[in-house]
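# An overview of the molecular structure
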Amino acid sequence: IYRGTDILILVYDITNLESFINIEHWKNEFLSSLSDDAPHPFPILLLGNKYDLIEKNNSLRAVSIDKANEYALGHDMQFKEVSALTKINIHPSIQTISMIAMNYKTVPLVYKIDNSFVLPSKYYQNNDDGNNGNNQNINDSQSSCYCQLL
């Protein structure tokens, strides 16, 4: 279900302790479904959402920033408090975790298709060309792009 995933973004509501507690369940469910060749540690971004509400009324805070930061550090996660409404810290958070993920090798060097091994460029060209299965037979030596998809 999570095939080809490069980043896990977990979001909780900083005004709701139960949403923070559920993060562990969602993280474990995701990590248990990864293949053995997934990067370790897997790039995870933990976002505490609704920061805009806390700016207006700090008494609404149910999860302290220290508690969330400690959890993130203990689980090899990046952490930021954000506001989806006002977009506070959204871009820098995504940018940070994207840079981390780009430094991992997440695309296998070789894919096995129909008992044959092919390079990623041929695999993606044959599976993502938009021709609904009408793939052209392409010789690997003619292909000039062996780039990783992020």
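Calculation notes
- Residues numbered from 1 in each chain as written.
- Predicted model: local features only at pLDDT ≥ 70, side-chain atom pairs only at ≥ 80, totals over all residues.
- Heavy atoms only, no water.
- pLDDT = per-residue confidence, 0-100.
- Helix = DSSP H or I, 4+ residues; strand = E, 2+ residues; numbered from the N terminus.
- Contact = heavy atoms within 4.5 Å.
- Phe/Tyr/Trp six-rings, centres within 6.5 Å; stacked < 30°, edge-to-face > 60°.
- Buried < 20%, exposed > 50% of the residue type's maximum accessible area, 1.4 Å probe, protein only.
- Polar contact = N/O pair within 3.5 Å; in protein donor to acceptor, adjacent residues only side chain to side chain.
- Axes fitted to C-alpha atoms, helices over the stretch in contact; angles between N-to-C directions.
- Parallel < 35°, antiparallel > 145°, perpendicular 65-115°, else oblique.
- Nonpolar A, V, L, I, M, F, W, Y, C, P; charged D, E, K, R; others polar.
- Salt bridge = Lys/Arg side-chain N within 4 Å of Asp/Glu carboxyl O.
- Pairing = 2+ DSSP bridges.

Low-pLDDT stretches of the model should not have their predicted coordinates read in fine detail. Scored by pLDDT, the chain comes out at a mean of 75, with 62% of its residues at no less than 70. The secondary-structure element of the chain with the lowest mean pLDDT is helix H5 (residues 120-127), recorded at 48, while helix H2 (residues 51-56) shows the highest, at 96. Overall, residues 120-150 carries pLDDT values under 50, and its contacts beyond four positions in sequence, including any with other chains, amount to 37 contacts.

Using the criterion set out here, one finds two aromatic pairs in the structure. Judged by centre distance (4.9 Å) and plane angle (70°), the rings of Tyr12 and Phe20 are edge-to-face. Classification of Tyr12 as buried rests on a relative accessible area of 1%. Ring centres 5.6 Å apart and planes at 70° place the aromatic pair Phe20 and Tyr71 in the edge-to-face group.

Among the secondary structure elements, Ser83 is positioned in the loop between strand E3 (77-81) and helix H4 (90-102). Looking at Ser83, its side chain comes within polar contact range of the side chain of Thr86, at 3.0 Å. What Ser83 contacts, discounting residues up to four positions off in sequence, is Asn49, Lys50, Tyr51, Asp52, Ile88 and Ile90.

As for its placement among the helices and strands, Leu53 is situated in helix H2. Spatially, the C-alpha atom of Leu53 lies 9.6 Å from that of Leu85, the residues being 32 residues apart in sequence. In this view, Leu53 contacts Thr15 and Leu60; residues no more than four positions away in its chain are not counted.

At their nearest, the axes of helix H1 (residues 17-32) and helix H3 (residues 65-74) sit 12 Å apart, and the two run at 5° to each other. In terms of axis orientation, H1 runs roughly parallel to H3. On the side of H1, the interface is formed by Leu17, Phe20, Ile23, Glu24 and Lys27, while H3 contributes Lys67, Ala68 and Tyr71. Split by residue class, the contact of H1 with H3 holds five nonpolar, no polar and three charged.

Another point: the pattern of salt bridges. Opposite charge on two side chains allows them to pair when their charged atoms are near. Scanning the model with the defined rule gives three salt bridges in all. A salt bridge links Lys50 to Asp13, with the shortest nitrogen-to-oxygen separation between them at 3.1 Å. Placement of the pair is Lys50 in the loop between strand E2 (44-49) and H2 and Asp13 in strand E1 (residues 8-13), with a sequence separation of 37 residues. The salt bridge partner of Arg61 is Glu81, with a shortest N-O separation of 2.6 Å. In this pair, Arg61 is assigned in the loop between H2 and H3 and Glu81 in strand E3, connecting sequence segments 20 residues apart.

In a beta sheet, neighbouring strands are held together by backbone hydrogen bonds and run either parallel or antiparallel to one another. Read across the open sheet, the three strands follow the order E1-E2-E3; overall the sheet is parallel. The strands lining the two open edges of the sheet, one partner per strand, are E1 and E3. Taken over all neighbouring pairs, the strand axes of this sheet differ in orientation by 20° on average, direction set aside. Note: E1 against E2, six bridges, orientation parallel. In the sheet register, Asp13 faces E2, and the bridge partner there is Asn49. This element, H3, spans E1, E2 and E3 of the sheet and lies at about 160° to E3. Against the sheet, H4 engages E1, E2 and E3, with an angle of about 170° to E2.

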